[in-house]
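So you can see what is in the structure, the chains are spelled out below.
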Amino acid sequence: MPVYPVSQVCKYLKDILGQDVILQDIWVRGEVANLARPGSGHSYFSLRDSTARLRCAMFRGGFGSELLSDGTAIIAH
């Protein structure tokens, strides 16, 4: 089983995501869960639906970050 350095995995993922027309400009609808706001001012949360969960980060000053709360339905870009 090969083991890859972080930098190689990041480059590989960036290349794949950069070539995918859908993932270059995607909107996702879900419910906020496990919201955390550490002292950095960033918001960390999961965006979930009935069968899946996507881990997310909204950086300090992001539009609407003050409106986030657990259970809120949002559309994220």
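Use the structure listed above.
Please read these numbers as outputs of a predicted model, since none were measured by experiment.

(A) Inspection of the sheet that holds strand 1 (residues 28-36) at higher detail. The strand order 3-2-1-4 describes an open sheet built from four strands, whose pairing is antiparallel. Each edge of the sheet is formed by a strand with only one pairing partner; in this case those strands are strand 3 (53-58) and strand 4 (73-76). Strand-to-strand twist across the sheet, computed as the mean angle between neighbouring axes with direction ignored, equals 45°.

(B) Main features of the pairing of strand 3. Bridge analysis of strand 2 (residues 43-48) against strand 3 gives six bridges, and the strand direction is antiparallel. In the strand pairing of strand 3, F45 is matched with C56. Counting the residues that bridge the hairpin from strand 2 to strand 3 gives four residues.

(C) Fine view of the state of the cysteines. As enumerated under the stated definition, the model contains zero disulfides in all. A disulfide-free cysteine, C10 has its sulfur positioned 17 Å from the sulfur of C56, the nearest such atom.

(D) The arrangement of the pattern of salt bridges in detail. Within the structure shown, the criterion is met by two salt bridges. Residue D15 is joined to K11 by a salt bridge in which the shortest nitrogen-to-oxygen separation is 2.8 Å. Of this pair, D15 and K11 both sit in helix 1 (residues 6-19), four residues apart, which is roughly one turn of that helix. Note on K11: relative accessible area 52%, which makes it exposed. Linking R48 and E31 is a salt bridge whose minimum nitrogen-to-oxygen distance equals 2.8 Å. Linking R48 in strand 2 with E31 in strand 1, this pair joins segments that are 17 residues apart in sequence. Residue R48 is classed as partly exposed on the basis of its relative accessible area of 31%. Overall, the relative accessible area of 28% leaves E31 in the partly exposed class.

(E) Up close: the layout of surface pockets. Quantified by volume, the largest pocket comes out at close to 560 Å³. Lining the largest pocket are 21 residues; nearest its centre among them are M58, I74, I75, A76 and H77. Secondary-structure elements contributing two or more residues to the lining of the largest pocket are strand 2, strand 3 and strand 4. It is strand 3 that provides the largest number of residues to the lining of the largest pocket, a total of five residues.

Conventions used here
- Residues numbered from 1 in each chain as written.
- Predicted model: local features only at pLDDT ≥ 70, side-chain atom pairs only at ≥ 80, totals over all residues.
- Heavy atoms only, no water.
- Pairing = 2+ DSSP bridges.
- Helix = DSSP H or I, 4+ residues; strand = E, 2+ residues; numbered from the N terminus.
- Axes fitted to C-alpha atoms, helices over the stretch in contact; angles between N-to-C directions.
- Disulfide = S-S within 2.5 Å.
- Salt bridge = Lys/Arg side-chain N within 4 Å of Asp/Glu carboxyl O.
- Buried < 20%, exposed > 50% of the residue type's maximum accessible area, 1.4 Å probe, protein only.
- 1 Å grid on protein atoms, 1.4 Å probe; cavity = no way out; pocket = protein on both sides within 12 Å on 5 of 7 lines; lining within 4 Å.
- Points joined across faces, edges and corners; volume = space filled by probe spheres on them.

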